[in-house]
Amino acid sequence: MVSLNIQLDNLCQFLPQDRVQEFARMDSVSLLKCTEMAIGSDDLSQKHEELISLNSSIKKLEYTLSNIGESLRTEQQQNQRLQTDVQTFKERQELNDKINSLKGKKIWILYQNSLTDFNVLKEQENKLLKNKHEEEKVVAPLKKAVDRLEASLGKYKDQASKLRSSIVSKTSLIAKKYTSDRENADTACNEIAIEIEANQRIEQERLTRLQQLENRIRAAESELEECRREQTIDPDVVQQEIASLNRKKTEVNRQIVETNLLDEQDTASRAELLRRIENSNNELKRMEVMRVARLKFLERFFPDVFKTLRFFEKDENKAKLKGKLWEPPILHVFVDDLKYGSVAEKHIRASDLTAFYCEHKDDVYTVSDLVAKEFKARVSVIHHVCPHGFRKPKSSFSKEFMQKYHFEKVLIDLIQAPDYYMSYLVPTFKPENVPMGGASLDQLMDKIMDETDLKAFYSEEYAYFIKTSSYSGSKFSTCTHLNTPRIFTNKINENEQNKLKDAVVHAEADVKKFEAAIQLRSAGLRKLEDEKASIDTQIREIRSKADHYSKLESRVKAMNQQARNLEAEKKDLGELVNRAAQRSCARRMTQLESVEAGEKSMAVVGYEGLNQYIVKKQLSTLQSKIITKQNQYEEAKTNIVALTVNLFISHFIMCPNTSCLISVQT
């Protein structure tokens, strides 16, 4: 048996579901290894590993051999290039030796020829140097004379500049002082004239105001006398009339306050009802939006169900059925806690959520035939009748059981749906027997399998299923990851929707009642407001008459006092004009004294100007002497330059192959 590779001791087993998926995702190499391991022969697996290791070694050796051959070819090519470079260098070295030998011979020949020429030119150079020294002896005295004259010229220029600056500065100061004194005197005189005009204008204005005030006093006294003749102003009578009108006004205000208080209460109640209506309408709109989202989901993923739903929304199509056709539960079933939406989608089949439900048995075939005929499509249709007196069951687990195994909720407590749909889901999927918990359930898996009879339970991310073998009676479990919910992502209840609609209807009726009551009271409130306004008008008229008489008396007294004050403000214009004339004369005398002092200063400046003229004449004579000496100096310097050039030429002839630097100072 062994020779035929039949292993009697190799026990086969069924792989769990997750291991089977892993086996299916293997590549060809991994699949071969696992197959060899499954056969059970250790020699076969070991030989396979040795073959893999030997194959890797062969590949490494081949790669190393290829690298060594490539390096050898590179070194050989480089050696050939270096041999050519060495031969070229040797030939160049030989040519350089020949060139150096010929250069030495050429220099010796040039030296012999230049020595003869040098002796001849040396004699000429000595003659030129002698002539140059004689000319330099003539130039030196001329240079000293020019420098001495230029120094004297600088002194005279400085003296002339100082005299000119002094004359300009003094003249400018005298002019500025004269201008400043004249402007100050003019300004003072103008200010005195302006002051006189201002006093005259003030006096004229005072007289005008006094005349106007006297006219107003006469008019006010005439009006006051007329008021005394026409009516009697008795303070006691005025106070009695005002007190009677105030009592009437208080009674009217009390009635207005009571009416406004009732209006405020009704308005507040109306506003509260309107706020509730708005909130309810917003909630209903949100519910309608969630229904639209579910319809969009059906249109995208279950188009046949969506078309059938639209088909039976028409009354003529509903009339073909014997009983009521209920919409798919996906539009009416929701969960309270959205984090467990994936649990509900996992436990309740999508085919049941998207099926249509008929109360009459014959309508099952009718709906299927109509859909197939109209759209050539197939939809699920289920016959179901809600039991009489059905009630939603409660959880099957006690509080102690839930705490012991770390369960938090039961699926029946999360599902919200009308009783018709709930009467189908409860017997079909047993949600009252499906507990849910947190992430700690994974650690309690063995304990739950051993101590409970649960078939399924859930956490927020995983689904756990426990099955019992029909042969051995042993239990085993599977765990799958829950997908992200696509259906149960919102919460709504049809019963809540109907309650909200009824509440909106009742609230709108109450709002109309409050508005009618407020409208009824508004007419009486307008009458009270008109009566109050009439009383206020009478009180204002009485008080206005009394106040007018009192203000008129006070105004007459105040205007008399103003007239007395204006009389006290009268000024002596003649005295003011005399004082102003004296001040103006004093200013003009000060200006005259300043002009006389300026005249004396200008005489002194004129004498200094005469000295400046003498210095200018001396400066002109000195400049003519400097020009004559400079001409003699330039002529001698030109002769020296000519001799220097001849000397440079003789040097260049004697030394044609060397550099000669001649420095000439001027």
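Everything discussed here concerns the structure shown above.
Novice: What exactly am I supposed to notice about the packing of aromatic side chains here?
Specialist: Two numbers describe a pair of aromatic rings. These are the distance of the centres and the angle of the planes. Here the structure, examined in full by the defined rule, presents 16 aromatic pairs. Aromatic pair Phe297 and Phe302: ring centres 6.2 Å apart, planes at 55°, arrangement tilted. Owing to a relative accessible area of 10%, Phe297 belongs among the buried residues under this scheme. Note on Phe302: relative accessible area 25%, which makes it partly exposed. Note on Tyr357 and Tyr420: the rings are 6.5 Å apart at their centroids and 85° apart in plane angle, and the pair reads as edge-to-face. Of this pair, Tyr357 sits in strand 3 (residues 356–358) while Tyr420 sits in helix 12 (residues 419–429), placing them 63 residues apart in sequence. Considered together, Tyr357 and Tyr420 belong to a single accessibility category, that of buried residues. An aromatic cluster of at least three residues, connected via ring pairs, comprises Phe397, Phe401, Tyr405, Phe407, Phe457 and Tyr464.

Novice: I keep staring at the pairing of strand 9 (residues 462–468) and nothing clicks. Help me out?
Specialist: Where a strand is regular, its side chains alternate between the two sheet faces. Strand direction decides the pairing type here: strand 8 (residues 456–458) and strand 9, joined by 3 bridges, are antiparallel. Among the inter-strand pairings, Ala456 is bridged to a residue of strand 9, identified as Phe465. Here 7 bridges tie strand 9 to strand 10 (residues 475–481), and the two strands are oriented antiparallel to one another. Paired with Tyr462 across the two strands is His481, which belongs to strand 10. Connecting the antiparallel pair strand 9 and strand 10 is a turn made up of 6 residues, with Gly473 showing a positive phi of about 80°.

Novice: What is the right way to read the sheet that holds strand 1 (residues 325–326) from this model?
Specialist: Pairing between the strands of a sheet is mediated by backbone hydrogen bonds and can be parallel or antiparallel. Strand order in the open sheet formed by 3 strands is 1-3-4, and the pairing between neighbours is mixed. Among the strands making up the open sheet, the edge pair consists of strand 1 and strand 4 (381–383). Where strand 1 lies against strand 3, 2 bridges are found, and the strand directions are antiparallel. Of the residues in strand 3, the one forming a bridge with Leu325 is Cys358. Along the sheet face, helix 9 (residues 363–375) touches strand 1, strand 3 and strand 4 and points at about 170° away from the line of strand 4.

Novice: What's the story with the nonpolar core in this structure? I'm lost.
Specialist: Nonpolar side chains in soluble globular proteins tend to be buried together. Grouped together as the largest cluster of nonpolar side chains are 65 residues, with contacts concentrated most on Tyr357, Phe407, Ile448 and Phe457. Considering each element in turn, this core owes the most residues, 7 residues, to helix 12. Those residues in contact with Tyr357, other than ones at most four positions away along the chain, are Lys324, Leu325, Trp326, Glu327, Pro329, Asp352, Ile382, His384, Tyr420, Tyr421 and Tyr424.

Novice: Just checking my understanding: could you explain the pattern of salt bridges for this structure?
Specialist: Side-chain pairing between opposite charges can occur once the charged atoms of the two side chains come close. The full count for this structure, using the stated rule, is 10 salt bridges. Of the charged contacts, one joins Lys339 and Glu460 as a salt bridge, the two residues approaching to 3.3 Å between their closest N and O atoms. Of the two residues, Lys339 is situated in the loop between strand 2 (334–335) and helix 7 (341–347) and Glu460 in the loop between strand 8 and strand 9; the sequence distance between them amounts to 121 residues. Each of Glu251, Arg254 and Glu258 takes part in salt bridges that share partners, so that together they form one network.

Conventions and cut-offs
- Residues numbered from 1 in each chain as written.
- Predicted model: local features only at pLDDT ≥ 70, side-chain atom pairs only at ≥ 80, totals over all residues.
- Heavy atoms only, no water.
- Phe/Tyr/Trp six-rings, centres within 6.5 Å; stacked < 30°, edge-to-face > 60°.
- Buried < 20%, exposed > 50% of the residue type's maximum accessible area, 1.4 Å probe, protein only.
- Helix = DSSP H or I, 4+ residues; strand = E, 2+ residues; numbered from the N terminus.
- Pairing = 2+ DSSP bridges.
- Contact = heavy atoms within 4.5 Å.
- Axes fitted to C-alpha atoms, helices over the stretch in contact; angles between N-to-C directions.
- Core = buried A, V, L, I, M, F, W, Y, C linked by side-chain atoms within 4.5 Å.
- Salt bridge = Lys/Arg side-chain N within 4 Å of Asp/Glu carboxyl O.

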